[in-house]
Amino acid sequence: MGWFLSQPVMALDGVSFSIGAGEAFGLIGPNGSGKSTLLRILSTVLLPSSGQVWIRGIPISKVTLVKALLGVAPSEARGFSGELSGRQNLEFFAVLQRLRPAAIRHRVEHLLQRVGIADLGKQRVWTYSTGQRQRLNIARALLHDPPIVLFDEPTKALDPWAAKETRLWIREELIKRQRKTLLIASNQMEDIGELCDRVVFLRKGKPVFLGSAKEAQKLSADNLS
């Protein structure tokens, strides 16, 4: 039996960018490029070993203050109870978000309507399609009406029709109507091209491109190596 000493791995190196209020910013790169690590840092799940991160002027170390500004929609709609209805699930998470009890019912009904699944509110979540679960996932991220929303692969595992509908909803509702600030991590160039203003491309933890989404779509894999 042998012993293996693991060497430290630098997950992110020299990554630096800023996102303007109301901007939709894309985070792209192959698997293992550091996208997930960066999202975990921004969502306060991980604290960076070095470097600095501010969200609206607040250092990432002030976790409680930062969390109040963020909504996080992970790539997979996990954490929901399949035996509870969509409405009941959202009410549960609203309590965890410390929403005022008197406001919870109205907020949940409003979000079910806004994401287009109000007719499914009473159905158990195990009956939902993948696309419907993703909409519930987005509604959960918006419960406390955060000004900033982090998306990890918003159209992952969706069929082309559901993916198109999800992108349309994000663009029309969150970007145009509500003017949310969005950070969207995705390997789907349709997500980037249709939703984002600017992007950063990561490779092995390092930024190899920072610019407009239109410019990023024109670059080949060789240009970004």
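Further up the page is the structure itself.
Positions within a chain are numbered from 1, following the residues in the order the chain's sequence is written. pLDDT decides what is reported in this predicted model: residues at 70 or higher carry local features, side-chain atom pairs at 80 or more are listed and counted, and totals for whole chains, interfaces and linings draw on all residues regardless. To obtain the side-chain values, all non-hydrogen atoms of the structure were used and water was disregarded.

**Q** For this particular structure, what's the right way to read the overall build of the protein chain?
**A** Here a strand is any run of E in DSSP of at least two residues, a helix any run of H or I of at least four, and the numbering for each starts at the N terminus. When its secondary structure is counted, the protein chain shows 8 helices and 8 strands. Here the globule rule reads 2.2 Å times residues to the power 0.38, and the radius of gyration is calculated from C-alpha atoms. Computed over C-alpha atoms, the radius of gyration of the protein chain comes to 18 Å, within 12% of the 17 Å expected from 2.2 N^0.38 for 225 residues, which places it in the range of a compact globule. Along the three orthogonal principal directions, the C-alpha set of the protein chain runs to about 50 × 45 × 40 Å. Buried residues in the protein chain amount to 44% of all 225 residues. Working note: accessible area of the protein chain is about 12,900 Å², and carbon and sulfur atoms make up 53% of it. Each charge class in the protein chain can be summarised by its mean position, and for the 31 positive and 20 negative side chains these summaries are 5 Å apart. Buried, partly exposed and exposed residues are distinguished by accessible area as a fraction of the type maximum, computed with a 1.4 Å probe on protein chains only: under 20%, between the cut-offs, and over 50%, respectively. Computed by Shrake-Rupley with a 1.4 Å probe, the accessible areas treat only the displayed protein chains as cover when residues are assessed. A residue counts as positive if it is Lys or Arg and as negative if it is Asp or Glu; His and the chain ends are not included. Taken as the charge centre is NZ of Lys, CZ of Arg, CG of Asp or CD of Glu, depending on the residue.

**Q** Please explain the nonpolar core as it appears in this structure.
**A** For soluble globular proteins, nonpolar side chains are generally found buried alongside one another. Within the largest apolar cluster, 40 residues are counted, with the highest numbers of intra-cluster contacts made by L136, F151, I170, L182 and V199. Contacts are assigned to residue pairs that have any heavy atoms within 4.5 Å of one another. Leave out the neighbours within four places in its chain, and I170 touches F151, P154, I175, L182 and L195. L38, L42, A185 and L202 belong to the second-largest nonpolar core, a separate cluster that totals 16 residues. Buried Ala, Val, Leu, Ile, Met, Phe, Trp, Tyr and Cys residues that are joined via side-chain atoms within 4.5 Å together make up what is termed a nonpolar core.

**Q** Would you mind showing me how to read the environment of N187 here?
**A** With respect to the element layout, N187 can be found in the loop between β6 (181–185) and α7 (189–195). Expressed as a C-alpha distance, the spacing of N187 and K156, which sit 31 residues apart in the sequence, is 8.9 Å. Excluding residues within four positions of it along the chain, N187 makes contact with G29, P30, N31, K35 and E153. Of note is the side chain of N187, whose polar atom sits 3.4 Å from the side chain of N31. Identification of polar contacts relies on pairs of N or O atoms within 3.5 Å, with a donor-acceptor requirement for protein atoms, meaning one able to donate a hydrogen and the other able to accept it, and with residues adjacent in sequence counted only if both atoms are side-chain atoms.

**Q** How should I be thinking about the pairing of strand β1 (residues 24–28) in this particular structure?
**A** In summary, the side chains of a regular strand alternate between the two faces of the sheet. Counting buried positions over the 5 residues of β1 gives 5, a clear majority of the element. Side chains of β1 alternate between two faces, with A24, G26 and I28 and F25 and L27 buried alike. Relative to β6, β1 runs parallel, the two sharing 4 bridges. Paired with F25 across the bridge in β6 is L183. Strands are treated as partners if at least two bridges between them are detected by DSSP. Pairing of β1 with strand β7 (residues 198–203) involves 4 bridges; the strand directions are parallel. Pairing of G26 across the sheet is with V199, part of β7.

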